[in-house]
Amino acid sequence: MGFAVHSVVMSSSGAGQFYWCLKHSRVESDANICPAVERLGPYGTEAEAMRALDRVAERNADWDAEDERWHGEPQP
């Protein structure tokens, strides 16, 4: 019996995608890309990649609020 699998094809080139480099604080593409451990993404556009750290902060705030709701008290 087979299993249904949903996945995005991954490649090492990152062709046509953009990344936020944590080391250099810049958007990178397949033309100039740092190792995966030093970047966030992929993003479909350069603008999305430029907003990567904002998205991280938004998600962290959402998760902190959910933790507070779950535990019933503000977290330090």
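Shown above is the structure to which this text applies.
These lines cover the structure that appears in this document, whether it is placed above or below. (Residues numbered from 1 in each chain as written. Predicted model: local features only at pLDDT ≥ 70, side-chain atom pairs only at ≥ 80, totals over all residues. Heavy atoms only, no water.)

A look at the packing of aromatic side chains
Counting across every chain of the model gives zero aromatic pairs. Over the aromatic face of tyrosine 19 sits the side chain of arginine 39, whose NZ or CZ is 4.5 Å from the ring centroid. (Phe/Tyr/Trp six-rings, centres within 6.5 Å; stacked < 30°, edge-to-face > 60°. Lys NZ or Arg CZ within 6 Å of the ring centre and 35° of its normal.)

Let's talk about the sheet that holds strand 1 (residues 18-21)
The strand order across the open sheet built from three strands is 2-1-3, with neighbouring strands paired in antiparallel fashion. Since the sheet does not close on itself, it has two edges, and those belong to strand 2 (26-29) and strand 3 (39-43), each with one partner. Mean inter-strand twist for the sheet, computed between neighbouring axes without regard to direction, equals 30°. Here strand 1 pairs with strand 3 via three bridges, running antiparallel. Residue pairing in the sheet places phenylalanine 18 in a bridge with tyrosine 43 of strand 3. Along the sheet, helix 2 (residues 52-71) contacts strand 1 and strand 3; its crossing angle with strand 3, the most-contacted strand, is approximately 100°. (Pairing = 2+ DSSP bridges. Helix = DSSP H or I, 4+ residues; strand = E, 2+ residues; numbered from the N terminus. Axes fitted to C-alpha atoms, helices over the stretch in contact; angles between N-to-C directions. Contact = heavy atoms within 4.5 Å.)

Keep in mind these numbers describe shape, not what the thing actually does.
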